[in-house]
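Chain and residue survey
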Amino acid sequence: MQLQGIHHISAITGDAQRNLDFYTRVLGLRLVAKTVNQDDPSVYHLFYADEEGHAGSEMTFFEYPHAIPGRPGAGMVHRIVWRVGSSEALDFWAERLDLLEVPVTREAGAGSVRFSDPEGLDHELVVNTTGDAPLAAEHPEIPQAHALQGFEGVRAYAHDPAQSGALLERILGAEKTGEATWTLRGDARGGWIAYDPAPEERGRQSGGSVHHVAWGTNVAEHPRWQERFEEAGLPTSGIIDRTYFKSIYFREPSGVLFEIADDAPGFTIDSPVEELGRKIILPPQLEDRREQLEARLTPLADPRAGWAAKA
Ligand code: ZN
């Protein structure tokens with residue numbers, strides 16, 4: 001039983017429109033689902049991903065309107081690492097982000113491009129050397145060969161990464177692949193978490209900070225993970241039905257909130273692939289409150305609305 005790398009990463013935004021603009025127009029991801037936070041249906045839960053909304057590429061945001069900027073501290077993810085296809089793709093992104101006035105850091109010889117989203121969430125692009133299938137979205141200004149290809153890993157802050165490593169290795173089946181890096185790899189995909197020394201200042205989970213990281217599994221094995229956690233005495237949320245997948249949440253010893261998410265049924269439960277992200281989708285139990293809920297949400301334009309005219 002092996003976890004399939006990162007399934008999705010969920011973060012917080014204080015400004016849904018600016019967030020949508022950055023992740024779709026600038027980074028070229030596809031808005032694959034516009035839904036509501038199931039724990040607070042008055043706010044959005046936005047999902048950006050590859051063209052078909054595959055696990056391994058889903059970056060999601062809970063909207064807390066006007067949330068003050070967050071700050072990563074101990075027990076929080078502070079950087080999201082994405083794959084691209086080649087060093088030419090890194091050149092493309094360095095140039096594109098610069099043109100779009102997104103400050104870029106490119107360390108000589110480092111083989112990566114670093115930047116932050118408008119709320120200060122750090123991202124890094126690296127060349128995909130894994131052989132895992134690229135998970136890319138279409139965008140009129142971004143050649144397919146240069147598009148983001150899904151998650152490589154996350155970097156978190158910890159005071160004592162060895163404690164996290166023990167859980168990652170003994171319970172989650174991770175392999176230690178660096179000084180403070182652990183990789184979770186299944187038969188289809190892999191991904192890693194690396195720990196960096198935590199700053200002294202306490203973190204603040206708010207706009208531009210990561211809420212949790214989900215590791216992927218499949219429908220058949222999902223309940224067996226819960227059994228394994230129970231046997232290990234690890235406190236979890238139990239299995240929660242998130243409509244698009246089932247989830248188990250728990251905190252790893254450094255404090256990062258982990259989730260185990262299965263691979264079914266995905267976003268096409270609501271819409272055919274070509275219509276993903278167009279209308280607000282609600283879990284069945286909220287459908288009868290649609291009118292009332294939609295009236296409270298910030299209107300968001302379809303990021304692909306102008307595409308035909310541009311082409
Ligand atoms: Zn999640």
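Residues numbered from 1 in each chain as written. Predicted model: local features only at pLDDT ≥ 70, side-chain atom pairs only at ≥ 80, totals over all residues. Heavy atoms only, no water.

**A short note on the overall build of the chain**
Along the chain, the regular secondary structure elements total 6 helices and 15 strands. The C-alpha radius of gyration computed for the chain amounts to 19 Å, which stays within 12% of the reference 19 Å derived for 311 residues, consistent with globular compactness. Dimensions of the chain along its principal axes, counting C-alpha atoms only, are 55 × 55 × 40 Å. Every one of the 311 residues in the chain was classed for burial, and the buried ones make up 55%. (Helix = DSSP H or I, 4+ residues; strand = E, 2+ residues; numbered from the N terminus. Rg over C-alpha atoms; globule rule 2.2 N^0.38 Å. Buried < 20%, exposed > 50% of the residue type's maximum accessible area, 1.4 Å probe, protein only.)

**Re the sheet that holds strand 1 (residues 6-13)**
Remark on secondary structure: sheet strands pair via backbone hydrogen bonds, oriented parallel or antiparallel. The strand order 2-3-4-1-12-15-14-13 describes an open sheet built from 8 strands, whose pairing is mixed. Each edge of the open sheet carries a strand with a single partner, namely strand 2 (30-37) and strand 13 (239-241). Strand-to-strand twist of the sheet, defined as the mean angle between neighbouring strand axes without regard to direction, takes the value 25 degrees. Together, strand 1, strand 2, strand 3 (40-49) and strand 4 (58-63) form the strand contacts of helix 1 (residues 16-26), whose direction differs from that of strand 3 by roughly 10 degrees. On the sheet, helix 4 (residues 222-232) packs against strand 13, strand 14 (246-251) and strand 15 (257-261) and is oriented at approximately 25 degrees with respect to strand 14. (Pairing = 2+ DSSP bridges. Axes fitted to C-alpha atoms, helices over the stretch in contact; angles between N-to-C directions. Contact = heavy atoms within 4.5 Å.)

**A few points about the nonpolar core**
Core analysis: the biggest nonpolar cluster contains 68 residues, and Leu27, Met59 and Leu172 have the highest contact counts within it. With 6 residues, helix 2 (residues 87-99) is the single largest residue contributor to this core. Leaving out residues up to four positions away in the same chain, Leu27 has contacts with Phe22, Trp93, Leu97, Phe115, Ile142 and Leu148. Grouped together as the second largest cluster of nonpolar side chains are 11 residues, Ala33, Ala49, Ala214 and Tyr244 included. (Core = buried A, V, L, I, M, F, W, Y, C linked by side-chain atoms within 4.5 Å.)

**Topic: the sheet that holds strand 8 (residues 151-158)**
Strand order in this open sheet of 7 strands is 6-7-5-8-11-10-9, and the pairing throughout is mixed. The sheet terminates laterally at strand 6 (112-116) and strand 9 (175-178), the two strands that pair on one side only. Averaged over all pairs of adjacent strands, the angle between strand axes in this sheet comes to 25 degrees, irrespective of strand direction. Of the strand pairs in this sheet, strand 6 and strand 7 (residues 122-127) are connected by 5 bridges, and their pairing is antiparallel. Considered in strand 7, the bridge of Val113 is made with Leu125. Against the sheet, helix 3 (residues 161-170) makes contact with strand 8, strand 9, strand 10 (181-185) and strand 11 (190-197), and its axis sits at roughly 20 degrees relative to strand 10, the strand it touches most.

**Looking at unusual backbone geometry**
Located in the positive-phi region is His66, a residue other than glycine, with phi close to 65 degrees. Take His66: it is sitting in the loop between strand 4 and strand 5 (77-84). Since its relative accessible area comes to 74%, His66 is described here as exposed. Positive phi, normally seen in glycine, also occurs at Glu101, with a value near 65 degrees.

**Details of helix 3**
Regarding helix 3, the residues found buried are Ser164, Gly165, Leu167 and Leu168. Summarising the axial view, the buried residues of helix 3 lie within an arc of 165 degrees, below the 170-degree limit, and thus occupy one face. The outward face of helix 3, more than 90 degrees from its buried face, is lined by the exposed residues Ala162 and Arg170. If you follow the buried residues of helix 3, they end up packed against strand 10, strand 11, strand 14 and strand 15. (Arc of directions from axis to C-beta.)

**With respect to the side chain of Ser112**
Tracing the backbone shows Ser112 in strand 6. Overall, the relative accessible area of 5% leaves Ser112 in the buried class. Side chain to side chain, Ser112 and Glu124 meet in a polar contact 2.8 Å long. Once you skip the residues sitting within four places of it in the chain, Ser112 turns out to touch Leu90, Thr105, Arg106, Glu107, Glu124, Leu125 and Val126. (Polar contact = N/O pair within 3.5 Å; in protein donor to acceptor, adjacent residues only side chain to side chain.)

**Quick word on the pattern of salt bridges**
Oppositely charged side chains can pair when the atoms bearing their charge come close. Counted according to the given criterion, the structure contains 16 salt bridges. Among the salt bridges present, the one from Glu152 reaches Arg83, with a minimum N-O distance of 2.7 Å. Residue Glu152 is located in strand 8, and its partner Arg83 is located in strand 5; the two are separated by 69 residues in the primary sequence. The same class applies to Glu152 as to Arg83, namely buried. A salt bridge links Asp302 to Arg278; the nearest nitrogen and oxygen atoms lie 3.7 Å apart. You can see Asp302 sitting in the loop between helix 5 (290-296) and helix 6 (307-310) and its partner Arg278 sitting in the loop between strand 15 and helix 5, a full 24 residues away along the chain. In the salt-bridge network here, residues are joined through shared partners; they are Arg83, Asp132, Glu152 and Arg185. (Salt bridge = Lys/Arg side-chain N within 4 Å of Asp/Glu carboxyl O.)

**So, the packing of aromatic side chains**
For any two aromatic rings, the description comes down to two numbers: the centre-to-centre distance and the angle of the planes. With the rule as written, the count across this model stands at 13 aromatic pairs. With centroids separated by 5.9 Å and ring planes inclined at 40 degrees, the aromatic side chains of Trp225 and Phe229 adopt a geometry described as tilted. Separated by 4 residues within a single helix, Trp225 and Phe229 lie in helix 4, roughly one turn from each other. Across this residue pair, the class does not change: Trp225 and Phe229 are buried. An angle of 55 degrees between the planes, with centres 4.8 Å apart, marks the rings of Phe229 and Phe250 as tilted. Highlighted residues: Phe229 in helix 4 and Phe250 in strand 14, separated in sequence by 21 residues. Each member of the pair, Phe229 as well as Phe250, is classed as buried. An aromatic cluster is built from Phe22, Tyr23, Tyr48, Phe61 and Phe115, whose rings are joined through pairwise contacts. (Phe/Tyr/Trp six-rings, centres within 6.5 Å; stacked < 30°, edge-to-face > 60°.)

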